[in-house]
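A structural walkthrough
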Number of protein chains: 2
Amino acid sequence: MPRALSKLLATQGKASVRDLDAVDLHTHVYLPRYMDILRARKDVPFVRPGIGGERLIILPAEQQQLGESQQQPGGISAGRPIGGEYWDASNKLRYMDRHGIRTSVLSLANPWLDFLPLEEQIRQATLLNDDMETLCRGSNGRFLAFGVVPQDSTTAVEEVERLSSGLPHVRGVILSTAGLNGKGLDDPDMLEFYRAMDRAGLTIFLHPHYGVGNEHYGKCGHALFLALGFTFETTVAVSQLVLSGLLDQVPDTLRLLLAHSGGSLPFLAGRLDSCVEHDAAIAQNLQHAPSVYLKRFYYDAVAYHEPALQCLIDFVGADRIVFGTDHPFFPPIKDNKEVPEGEGGEDLSELDWHSTLANYEIMANMSKDVQSAMLRDNAKRLMGI
Amino acid sequence: MPRALSKLLATQGKASVRDLDAVDLHTHVYLPRYMDILRARKDVPFVRPGIGGERLIILPAEQQQLGESQQQPGGISAGRPIGGEYWDASNKLRYMDRHGIRTSVLSLANPWLDFLPLEEQIRQATLLNDDMETLCRGSNGRFLAFGVVPQDSTTAVEEVERLSSGLPHVRGVILSTAGLNGKGLDDPDMLEFYRAMDRAGLTIFLHPHYGVGNEHYGKCGHALFLALGFTFETTVAVSQLVLSGLLDQVPDTLRLLLAHSGGSLPFLAGRLDSCVEHDAAIAQNLQHAPSVYLKRFYYDAVAYHEPALQCLIDFVGADRIVFGTDHPFFPPIKDNKEVPEGEGGEDLSELDWHSTLANYEIMANMSKDVQSAMLRDNAKRLMGI
């Protein structure tokens, strides 16, 4: 066991990772109904049989590789292998037990419903949210959920009201940086949605999908798209929201949770303040410096190294940070490859997920109170557990 | 005086900011010869008479505003006001005295020579480096310099050899993320340049200019271009360099200094490691995880808030971080506007530069040794002072 993990367990007074009783606020599922949608499609995003079982083609860059790989014997190798860890609730529970996660607040993974015609988005959002409620209700307290809303500000508000009044296990909504209407988080038509979420006490889980700077990542596989494109996307979208002044028209109790520790906002917040201060036309639209708004938000601890998590703590305080795993992405690695590669059907829930353990290990040097806040207390408060 | 500044002075045992004896490794000058080039041009980048004196139009987005503003009485208002702080060495010295800077390692500001035809780049690089050497030689130890090289790997290596053998006050080269040949830092033709810089013991000062994600910043003035576009650019270019494997072919003594505290690399390094580890095709090209290379570099402390500087220290150690100001950009602010706006001719060197003081203040809570390392000792070692 890595020394950092031993230290975390000692500080927490636990014998094993299995005892950590964490709450995971960044954990995805492709509900069976959603898998059916993906399996029926022929354009990104879609799922089809390939080498080592089914494969998920989610990024436009992956689809470009598809032409060649379709010629390969055994099926396509583009995209990523996908197994029960993506859709099977019992698989998720086994993974949770092994990794000390008491409660998972499930969210549909990107790209959610963004690719469907609006009418279909409206219909599927209702069905998927109902599925999620049913799954959580039967989970004996192990699952809660973020719901989805259609990309339309009017019907999204209606769905928020339906979630709030009738789906008690759905405690928030996962949202893409495109916002509703596809015009970004700073579109004035978002205002009623923010107000409705605030009234309902529900949390917006903001998550990237599209990438920023994508034209630069082609030579580097998916590594830079995921490491930089995703985090830049969150950074840009939230900066646009903050600089728009829209948040001055929304109660400061609005609960906004930023994926991947806020992209790179905790690091760049000082520079952002400085650049805004030197741009009078922007500054005069805002009641506060950008960092004031950023400190109102919540952030997951999906940071993968201690300097970043500590920066986040220094910036917003440990009481706004919640543990997350990004499961089932970043699966275990064996022989330098993600495990399912070409080995379809292996039950990944029986293996150690190093990406999950890494996000425990980076807490090792913090005090017990700070650890406990991030591992479970903050999430319980935010999610009303 | 802000409390953080008092605390820094107390820890350093100094009575006044004027006594801090700092070495500034991120400070720009448009040499008179370079100003002549800019004044003679009609496309970005260029300088022309406008409201409040001369104005610098450096970004394509600024040129777009030019059409309208040319109609205004009194001249153009696009771009930014520009005065002696950009080209006058005595102005820089007054600013340095007031702000406790003993030595400035001057560099030409972006966009350097990138916009000139190659033959002209080669000619001007020699002339500008000679100008810089002359300026530094006559400065009584107050100035050293980063030189410039033409965007051509062969002649750049020749110029590095000339700097190394004959221009003792030029201690490095400022380089754009386009690298030589305009194909990025990861172009294999860069290899001989890296080796030549390493042989000469000269430092590469990597600085952004072009921006990444520019299509997202239009609604927000220059604030997001400078806060995010610049820092993303450094992050992307250095990540591409690291992931290319090129650094495995260069001695690990190569001195690479990253502007603006490394963009967002110190925060994202853990995620970058994780994403590379999960992309076998990329990982197998590298001898080490990306963060191992990133920890070999030097970073300026131009971070504008303490959580970011602390993150950088946690990541690379205080002995790789050097004080910087980014002077003459981010000038003093009065009445919510940068001071020179519409007030041409004011001597900014007689005012407090809050952007400079901010980068002192963020060191206030660190130990005297760590402060001293960042304020002067590391820079002296790196620059051979």
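Numbering of residues begins from 1 in every chain and follows the order in which that chain's sequence is written. Here every chain gets a letter starting at A, and every ligand a number starting at 1, in the order they are written. Where totals are concerned, whole chains, interfaces and linings use all residues; where local detail is concerned, this predicted model gives features only for residues with pLDDT of at least 70, and gives and counts side-chain atom pairs only at 80 or more. Side-chain descriptors were evaluated using all non-hydrogen atoms of the structure, hydrogens and water having been removed beforehand.

Going by what an unreviewed UniProt entry lists, chain A is known as Amidohydrolase-related domain-containing protein and is assigned to Phytophthora sojae. UniProt positions are given in the numbering used here, feature names are shortened, and annotations may be inferred rather than shown by experiment. UniProt, in the comment section headed Sequence similarities (unreviewed entry), describes chain A in these words: "Belongs to the metallo-dependent hydrolases superfamily."

A helix here means a DSSP run of H or I that spans at least four residues, while a strand means a run of E at least two residues long, and both kinds are numbered starting from the N terminus. A tally of helices and strands in chain A yields 14 helices and 13 strands. We take the radius of gyration over the C-alpha atoms and set the globule estimate at 2.2 Å times the residue count to the 0.38 power. The C-alpha atoms of chain A give a radius of gyration of 20 Å, which matches the 21 Å a tight globule of 385 residues would have. In terms of overall dimensions, chain A has C-alpha extents of about 60 × 50 × 45 Å along its principal axes. Contacts are assigned to residue pairs with any non-hydrogen atoms lying within 4.5 Å of each other. The contacts of chain A with a sequence gap of at least 6 include a subset with a gap of at least 24, amounting to 72%.

Another point: the relation of the copies chain B and chain A. Least-squares fitting of one copy onto the other uses the C-alpha atoms of those residues that reach a pLDDT of at least 70 in both copies. Between the two copies, chain B and chain A, the superposition gives an RMSD of 0.0 Å; the rotation angle is 180° and the shift along the axis is 0.0 Å. Such a turn and shift between the copies fits a two-fold axis. The residues that chain B uses at the interface reappear at the interface of chain A in 100% of cases, marking a shared surface.

All names here are of chain B. Read across the open sheet, the three strands follow the order β2-β3-β4; overall the sheet is antiparallel. Where the open sheet ends on each side, the last strands, each with one partner, are β2 (46–50) and β4 (80–82). Each strand of the sheet is rotated relative to its neighbour by a mean of 45°, with strand direction disregarded. In the packing of helix α2 (residues 32–39) onto the sheet, the strands contacted are β2, β3 (53–57) and β4, and the crossing angle to β2 comes to about 75°. By the convention used here, strands pair only if DSSP detects at least 2 bridges between them. Interaxial angle, 0 to 180 degrees, is taken between N-to-C directions of lines fitted to C-alpha atoms, where a helix line uses only the stretch in contact.

Here, nonpolar core means buried Ala, Val, Leu, Ile, Met, Phe, Trp, Tyr and Cys residues that are tied together by side-chain atoms lying within 4.5 Å of each other. Partly exposed residues are those whose accessible area sits between 20% and 50% of the maximum for their type, while under 20% is buried and over 50% is exposed, using a 1.4 Å probe and protein chains only. Counting 266 residues, the largest nonpolar core has Y30, F193 and Y360 of chain A together with Y30, F193 and Y360 of chain B as its most contacted members. If near-sequence neighbours (up to four positions away) are discounted, Y360 of chain A is found in contact with L5, L8, V17, L20, A22, H99, G100, I101, F323 and L375 of chain A.

The partner chain A presents 59 residues to the 59 residues of chain B that form the contact. Note on terms: buried area is the combined drop in 1.4 Å-probe accessible area of two parts once they are placed together, counting the loss on both. At the boundary of chain B with chain A, total buried surface from both sides reaches about 5,100 Å², with 69% on carbon and sulfur atoms. The three residues of chain B that bury the most area against chain A are F267, R271 and H278 of chain B, which together make up 17% of that side's buried surface. When a carboxyl oxygen of Asp or Glu lies within 4 Å of a side-chain nitrogen of Lys or Arg, that pair is called a salt bridge. Applying the counting criterion to the chain B and chain A interface returns two salt bridges. Note that K219 of chain A and D186 of chain B form a salt bridge whose closest N and O atoms lie 2.8 Å from each other. Looking at the side of chain B that touches chain A, the elements with two or more residues in it are α8 (223–244), α9 (265–277), α10 (280–283), α12 (306–316) and β13 (337–338) of chain B. The element contributing the most residues to the side of chain B that touches chain A is α8 of chain B, with 13 residues.

Let us look at unusual backbone geometry. Along the chain, V44 of chain A connects to P45 of chain A via a cis peptide bond; the corresponding omega equals -5°. With respect to the secondary-structure elements, P45 of chain A resides in the loop between α2 (32–39) and β2 (46–50). Note that the residue after H327 of chain B, namely P328 of chain B, is joined by a cis bond; omega there is 5°. By the secondary structure assignment, P328 of chain B is in the loop between β11 (321–322) and β12 (333–334). The phi dihedral of N181 of chain A is positive, around 70°, even though this residue is not glycine.

A few words on the sheet that holds strand β11 (residues 321–322) of chain A. Strands pair in a sheet through their backbones, by hydrogen bonds, and they do so in one of two ways: parallel or antiparallel. Residue and element names in this part refer to chain A. If you walk across this open sheet you meet the eight strands as β1-β5-β6-β7-β8-β9-β10-β11, and the pairing is parallel. Two strands in the sheet have a free side with no partner beyond their single neighbour: β1 (22–29) and β11. As defined by bridge partners, β1 adjoins strand β5 (residues 101–108) across six bridges and the pair is classed as parallel. In the strand pairing of β5, H28 is matched with S107.

What follows deals with the environment of R55 of chain B. All names here are of chain B. Residue position: R55 is located in strand β3. Overall, R55 belongs to the buried group, its relative accessible area being 2%. Separated by 32 residues in the primary sequence, R55 and W87 place their C-alpha atoms 13 Å from one another. N or O atoms closer than or at 3.5 Å make up a polar contact, with two conditions inside protein: a donor-capable atom paired with an acceptor-capable one, and, for residues adjacent in sequence, both atoms drawn from side chains. Polar contacts involving the side chain of R55 include one to the main-chain carbonyl oxygen of G79, which spans 3.2 Å.

With that settled, consider the side chain of S239 of chain A. By the secondary structure assignment, S239 of chain A is in helix α8 (residues 223–244). We classify S239 of chain A as buried; its relative accessible area is 1%. Not counting the four nearest positions on each side in its chain, S239 of chain A is found in contact with L265 and L272 of chain A together with L224 and L228 of chain B.

All names here are of chain A. Method remark: on a 1 Å grid restricted to protein atoms, a set of points is classed as a cavity if a 1.4 Å probe fits but cannot get out and as a pocket if it is open with protein on both sides within 12 Å along at least five of seven lines; lining residues have an atom within 4 Å of a point. Grid points are joined across faces, edges and corners, and a volume is the space filled by probe spheres set on the points. Summed over all chains, the structure comprises ten cavities of 30 Å³ or more. The computed volume of the largest cavity comes to approximately 110 Å³. In terms of lining, the largest cavity is formed by 13 residues, of which the most central are R80, N110, L226, F230 and F329. The residue inventory of the lining of the largest cavity, partitioned by class, reads six nonpolar, four polar and three charged. Just so you know, the domain bounds were taken from an automatic or database domain assignment. Viewed by domain, the lining of the largest cavity spans two of them, domain 1 (3–30 + 90–332 + 348–383) and domain 2 (32–81), each represented by three or more residues. Three classes are used, and their members are as follows: Ala, Val, Leu, Ile, Met, Phe, Trp, Tyr, Cys and Pro are nonpolar, Asp, Glu, Lys and Arg are charged, and the others, Gly among them, are polar.

This part takes up the domain arrangement of chain A. Residue and element names in this part refer to chain A. If you check the domain split of chain A, you get domain 1 (3–30 + 90–332 + 348–383) and domain 2 (32–81). Inter-centroid distance (C-alpha atoms) of domain 1 to domain 2 is 27 Å. Contacts between domain 1 and domain 2 engage 17 residues on the former and 14 residues on the latter. Summed over both sides, the interface of domain 1 with domain 2 buries roughly 1,400 Å², with 71% coming from carbon and sulfur. Considering only the side of domain 1, the residues that lose the most area to domain 2 are Y30, F115 and H222, jointly responsible for 46% of the buried surface there.

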